[in-house]
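Read off the chains here:
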Amino acid sequence: MRSTAGVRRAEAAREAMTQFARGGYDGTPVGVVAEALGVSQPYLFKLFGSKAGLFIACVDLCYDLIEENARARLAESEAAGRPGTLDDIGHAFRHTIAEADLLRFQLQAWAASATHPEIREVVAARFSRSLELSRELTGASADEVNEMFARGARLVVSTALGIQLLS
């Protein structure tokens, strides 16, 4: 049975995220992604329109996974009879970035944002959405959310470098 275009887009974005995580936006030819998927490069352009479109689909996938894990952790807290907190979101984020390719891709997305305005626009929007969603889902103040995201940034760096933060 043939896959639908939506299923193929999701599969392609997942594989592309892995490839971009390893080589970055500028260092990863679309042909590498196509080869890994066993499809033609023109087929990927048909699905995503451009290399930037493919990368942006990966950005959305990355942030969707982070958001899904946060929502799942908050639901677990609520099922246990306690309100979800920013600590729950932080725990979910630690779990999410434990997947090395997702962590590397997030770093690559930030790096690509420095030189590609169309990517920066999407990354900035998704990051801002993460801030607002954290506030909405937990009722935390802006200062509390900003502090949690600062801790998250330290976590990203320490995880990427394989070092422990000071206690």
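Residues numbered from 1 in each chain as written. Predicted model: local features only at pLDDT ≥ 70, side-chain atom pairs only at ≥ 80, totals over all residues. Heavy atoms only, no water.

A.B. asks: Explain the pattern of salt bridges residue by residue, including any values.
C.D. replies: Applying the stated rule across the entire model yields 13 salt bridges. Between Asp-64 and Arg-126 there is a salt bridge whose closest N-O contact spans 2.7 Å. Of this pair, Asp-64 sits in helix H4 (residues 51-79) while Arg-126 sits in helix H7 (residues 117-138); the two residues are 62 residues apart in sequence, bridging distant segments of the chain. According to the relative accessible area criterion, Asp-64 is partly exposed, its value standing at 32%. A cluster of three or more residues bridged by salt bridges with shared partners is formed by Asp-60, Asp-64, Glu-67, Arg-71, Arg-126 and Arg-129. (Salt bridge = Lys/Arg side-chain N within 4 Å of Asp/Glu carboxyl O. Helix = DSSP H or I, 4+ residues; strand = E, 2+ residues; numbered from the N terminus. Buried < 20%, exposed > 50% of the residue type's maximum accessible area, 1.4 Å probe, protein only.)

A.B. asks: Hey, could you go over H4 for me, with residue numbers and the actual values?
C.D. replies: In a regular helix each residue adds 1.5 Å, so 29 residues correspond to 42 Å; H4 covers 42 Å between its end C-alpha atoms and thus fits that length. Following H4 by one or two positions, Gly-81 adopts a phi angle in the positive range, close to 90°. (Expected span 1.5 Å × (residues − 1).)

A.B. asks: Report on the state of the cysteines, specifying residues and quantitative values.
C.D. replies: Counted according to the given criterion, the structure contains 0 disulfides. Residue Cys-58 stays outside any disulfide, its sulfur separated by 9.2 Å from that of Cys-62, the closest cysteine. (Disulfide = S-S within 2.5 Å.)

A.B. asks: Got a sec to walk through the layout of surface pockets? Specific residues and values, please.
C.D. replies: What the largest pocket holds in volume is close to 350 Å³. Considering the residues around the largest pocket, the lining is formed by 20 residues, among which Ile-66, Phe-93, Phe-127, Ser-130 and Phe-149 are closest to the centre. Contributions of two or more residues to the lining of the largest pocket are made by H4, helix H5 (86-97), helix H6 (100-113), H7 and helix H8 (142-161). Looking at the lining of the largest pocket, its residues break down into 14 nonpolar, 5 polar and 1 charged. The volume enclosed by the second largest pocket comes to roughly 160 Å³. Lining of the second largest pocket is provided by Leu-86, Asp-87, Gly-90, Phe-93, Arg-94, Met-148, Arg-151, Gly-152, Arg-154, Leu-155 and Leu-165. When residues of the lining of the second largest pocket are traced back to their parent elements, those giving at least two are H5 and H8. Among the residues making up the lining of the second largest pocket, the classes are represented as 5 nonpolar, 2 polar and 4 charged. (1 Å grid on protein atoms, 1.4 Å probe; cavity = no way out; pocket = protein on both sides within 12 Å on 5 of 7 lines; lining within 4 Å. Points joined across faces, edges and corners; volume = space filled by probe spheres on them. Nonpolar A, V, L, I, M, F, W, Y, C, P; charged D, E, K, R; others polar.)

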